[in-house]
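So you can see what is in the structure, the chains are spelled out below.
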Amino acid sequence: MSDVSRLLRPKSIAVVGGGAWCAQIVLQCQQMGFSGDIWVVHPKGMEVHGIRAVPSLDDLPGCPDAVFLGVNRFLTIDLVAQLAGMGAGGAVCFASGFSEALAEDEAGADLQARLVEAAGAMPILGPNCYGFINAVDQALLWPDQHGCVPVDRGVAVLTQSSNIAINLTMQQRALPIAYMVACGNMAQTSQAQIAMALLDDPRVTVIGLHIEGFGDTAEWHALALKAASKGIPLLALKVGKSEQAQSATVSHTASLAGSDAGADALLRRFGIGRVHDVPTFLETLKLLHVAGPLDAPTLSSISCSGGEASLAADTAHGTSLSFPALQDAQKQALRNALGPMVALSNPLDYNTYVWRDTDAMTAAWLPMAADHIGLTLLIVDYPHTDATDWVCATDAAIAVRETSGRPVAVVATLPELMPQDVAAQLMAAGVVPMNGLTEAIAAAQVAAALTDIVHEAPLPAGVDRDGALLSERDAKTMLQSYGVSVPQVFDAAIGPEEHSGPFVVKGVGFAHKSEMDAVRLNVAKADLDAVAADMPGDDVLVEAMITGAVAELLVGVVRDSAHGFVLTVGAGGVMTEILQDTQSLLIPSDAGTVKTALSRLKTFPLLTGFRGKPTADLDAIVAAIMGVQAFVVARHDRIEEVEINPLMCTPRAAIAADALIRIAPERT
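These lines cover the structure that appears in this document, whether it is placed above or below. Source: prediction; values computed, not measured. (Residues numbered from 1 in each chain as written. Predicted model: local features only at pLDDT ≥ 70, side-chain atom pairs only at ≥ 80, totals over all residues. Heavy atoms only, no water.)

1. Overview of the pattern of salt bridges
Any two side chains of opposite charge can pair, on the condition that their charged atoms come close.
Alright, step 1. For the coordinates displayed, the defined rule picks out 24 salt bridges.
Alright, step 2. The closest approach of N and O atoms between Glu-47 and Arg-52, which form a salt bridge, is 3.5 Å. Each member of the pair, Glu-47 together with Arg-52, is exposed.
Alright, step 3. The closest approach of N and O atoms between Asp-264 and Arg-268, which form a salt bridge, is 3.4 Å. (Salt bridge = Lys/Arg side-chain N within 4 Å of Asp/Glu carboxyl O. Buried < 20%, exposed > 50% of the residue type's maximum accessible area, 1.4 Å probe, protein only.)

In structure tokens form, the structure reads like this:
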């Protein structure tokens with residue numbers, strides 16, 4: 001892996017090329033206050049913002065740490081080779097027309113390969129890349145305007161999109177951005193590698209990643225392990241869906257657990273928080289920068305309006321967050337501070353009896369920031385006309401934070417009603433200024449749900465393979481050898497003399513039997529011959545019918561070439577796609593993790609005795625799932641997908657009523 005530290009934290013910068021883009025590099029460094037050397041290379045020897053250009057790299061007064069190449073794609077390759085030979089620290093390749101070009105432009109892909117070869121061990125960002133802003137050292141290889149300001153410490157943000165990078169720098173939410181890195185095509189240096197280098201800068205508090213695709217999952221695992229060892233949270237804004245995963249369309253699992261489920265499982269396994277929009281991305285970065293991961297998924301809300309209290313409660317409804325009822329000690333302290341006229345609850349509407357009295361406001365708010373509360377939300381919208389009368393709220397919030405030592409946020413329900421000067425004051429005092437109630441709740445949910453990284457790497461997807469669909473008989477036989485229970489099978493021609501029924505009769509050779517009317521349930525012994533004769537297909541399967549099931553589950557595995565082998569558990573049976581009640585993990589996962597995933601299902605109460613019904617054998621269910629996993633691990637070089645649907649869950653067993661396996665032939 002190339003070491004990008006010298007490139008990202010340069011003491012000398014060279015700009016190669018002319019025009020407005022290259023001139024902006026010089027201007028932005030000067031305006032930010034870069035204290036190192038800035039050199040310009042151009043054959044005409046022009047002057048750029050007071051710096052006289054030298055005609056070639058050979059004429060530079062020293063070997064540059066960071067170089068911006070603002071030249072065409074062909075010349076870029078030659079200059080990268082020359083810089084690598086000089087021992088330069090690295091380069092940003094601005095030119096486009098490489099692998100991001102149209103598919104029919106084979107020259108672009110060839111040029112990108114040549115570029116990587118020319119770079120050798122010297123790190124490059126891009127091509128088709130804006131570069132980076134280092135706001136802690138005031139070093140910029142950035143050919144456009146931006147909104148960053150010098151900071152002592154802050155978050156690092158990485159994205160493939162230069163335009164998104166520009167927009168993020170323009171945020172006016174008091175988020176201190178230490179680094180903004182546009183990664184471009186990532187021909188040589190990946191997002192994960194860049195993030196690994198940024199973890200070595202103690203001034204970085206959080207790393208935010210706008211991710212379009214993962215690439216080498218082993219790199220991301222290494223990044224997660226390193227981040228965990230340093231106590232630096234990772235946050236992802238993950239977009240896009242891999243086409244590879246969508247090609248697996250035989251099983252129900254494939255339609256339920258597409259690539260996004262794989263991405264979600266990968267991020268969760270690596271302890272990386274995930275958001276789905278830019279405002280929540282920024283607010284979550286801000287919360288993690290100030291407070292770090294929350295130690296409990298519990299909230300207190302304080303407002304001077306019952307309407308805002310209701311909004312806070314409704315916004316958190318359906319999330320993993322809760323507003324715990326007030327404890328006796330809290331009630332007593334609140335009663336002492338607010339008197340008998342205020343109804344005490346969480347969320348709390350404290351009315352306005354204590355407004356303008358900072359000490360009284362602090363005393364009223366402080367009991368809400370109790371030790372068992374993960375984050376206290378002080379809902380305050382500052383008027384843009386005259387906010388003088390709101391200074392007391394700012395001071396009280398800071399006092400609550402200082403006295404309690406607990407995470408405290410001041411939340412404007414409307415993002416535009418959090419003034420930037422107030423936000424900066426709150427941030428400096430360790431209070432999180434949050435723009436938008438919805439975003440604040442979403443950020444708290446992520447910050448409270450960051451999980452520990454699973455140290456065992458996920459099973460890699462391996463190379464693509466052509467899988468063939470096995471018969472149900474063969475699929476069940478394979479799974480049975482790994483401890484999965486299956487129904488008793490009978491020879492229809494002889495008849496099940498030792499079994500009185502009822503039976504299940506199935507047509508063989510259909511991936512989705514219900515859709516082909518190829519399944520008959522509750523067949524009496526006397527009706528077997530007639531039902532078998534009426535079954536579509538050339539073959540039939542007769543099995544003992546499983547009775548007494550309290551629930552039906554789906555257990556499936558899809559090989560997702562972007563993320564690994566995705567294990568999905570969920571509500572099964574003919575209503576699988578309609579219910580859409582699933583949880584996905586990556587293989588391998590331990591039994592405890594599997595049990596936790598089951599507990600997150602909306603239909604989990606069916607397994608634990610819903611409304612007085614019998615409970616399922618949860619240990620047998622987990623054992624069946626672990627058996628499927630063991631089968632996949634043993635044949636990971638051949639498996640495309642595996643599915644049990646339904647897994648019949650009875651009080652004493654978990655039995656695979658139907659099974660599907662798509663597997664490639666053994667290599668000779």
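2. Structural notes on the packing of helix 6 (residues 191-198) against helix 7 (residues 217-230)
Each pair of packed helices gets described by two things: the angle between the helix axes and the distance between those axes.
Alright, step 1. Relative to each other, helix 6 and helix 7 sit at 20°, their axes nearing to 9 Å. On the basis of their axis angle, the class for helix 6 and helix 7 is roughly parallel. Pair helix 6 / helix 7 crosses with left-handed handedness. Two secondary-structure elements touch here, helix 6 through Gln-191, Ala-192, Gln-193, Ala-195 and Met-196 and helix 7 through Glu-219, Trp-220, Ala-222, Leu-223 and Lys-226. (Axes fitted to C-alpha atoms, helices over the stretch in contact; angles between N-to-C directions. Helix = DSSP H or I, 4+ residues; strand = E, 2+ residues; numbered from the N terminus. Parallel < 35°, antiparallel > 145°, perpendicular 65-115°, else oblique. Left-handed = near helix turned anticlockwise from the far one by under 90°. Contact = heavy atoms within 4.5 Å.)

3. Quick word on the sheet that holds strand 6 (residues 91-93)
Alright, step 1. The sheet built from 5 strands is open, its strands ordered 2-1-5-6-7 with parallel pairing. With partners counted over all chains shown, the strands left at the sheet margins are strand 2 (37-41) and strand 7 (124-125), one partner each.
Alright, step 2. Across 3 bridges, strand 5 (residues 66-69) lies against strand 6 in parallel orientation. Along strand 6, the bridge assignment pairs Leu-69 with Cys-93. (Pairing = 2+ DSSP bridges.)

4. Concerning the pairing of strand 1 (residues 12-16)
Alright, step 1. Counting buried residues along strand 1, 5 of its 5 residues qualify, which places the element largely inside the surrounding structure.
Alright, step 2. Side chains Ser-12, Ala-14 and Val-16 of strand 1 all project onto a buried face; the interleaved residues Ile-13 and Val-15 project onto the opposite face, where all are buried too.
Alright, step 3. For strand 1 and strand 2, the ladder comprises 5 bridges, and the chain directions are parallel. Considered in strand 2, the bridge of Ala-14 is made with Trp-39.
Alright, step 4. For the crossover from strand 1 across helix 2 (residues 19-32) to strand 2, the handedness is right-handed.
Alright, step 5. One ladder, built from 4 bridges, connects strand 1 with strand 5; its direction is parallel. Counterpart to Ile-13 in the pairing with strand 5 is Ala-66. (Right-handed = clockwise from strand over helix to strand, strands pointing away.)

5. Details of the packing of aromatic side chains
Alright, step 1. Counted under the stated rule, the structure contains 10 aromatic pairs.
Alright, step 2. Here the aromatic rings of Trp-355 and Trp-390 are separated by 5.8 Å at their centres, their planes lie at 75°, and the arrangement is edge-to-face. Of this pair, Trp-355 sits in the loop between strand 16 (348-349) and helix 14 (358-365) while Trp-390 sits in the loop between strand 17 (375-379) and helix 15 (391-404), placing them 35 residues apart in sequence.
Alright, step 3. For Trp-390, a relative accessible area of 25% gives the class partly exposed.
Alright, step 4. Taking 5.7 Å as the distance between ring centres and 70° as the angle between the ring planes, the aromatic pair formed by Tyr-482 and Phe-631 counts as edge-to-face. Of this pair, Tyr-482 sits in the loop between helix 18 (472-480) and strand 21 (489-490) while Phe-631 sits in helix 22 (residues 618-634); the two residues are 149 residues apart in sequence, bridging distant segments of the chain.
Alright, step 5. Overall, Tyr-482 belongs to the partly exposed group, its relative accessible area being 30%.
Alright, step 6. According to the relative accessible area criterion, Phe-631 is buried, its value standing at 0%.
Alright, step 7. Taken together, the aromatic side chains of Trp-21, Phe-68, Phe-94, Tyr-130 and Trp-142 make up a single cluster linked through ring pairs. (Phe/Tyr/Trp six-rings, centres within 6.5 Å; stacked < 30°, edge-to-face > 60°.)

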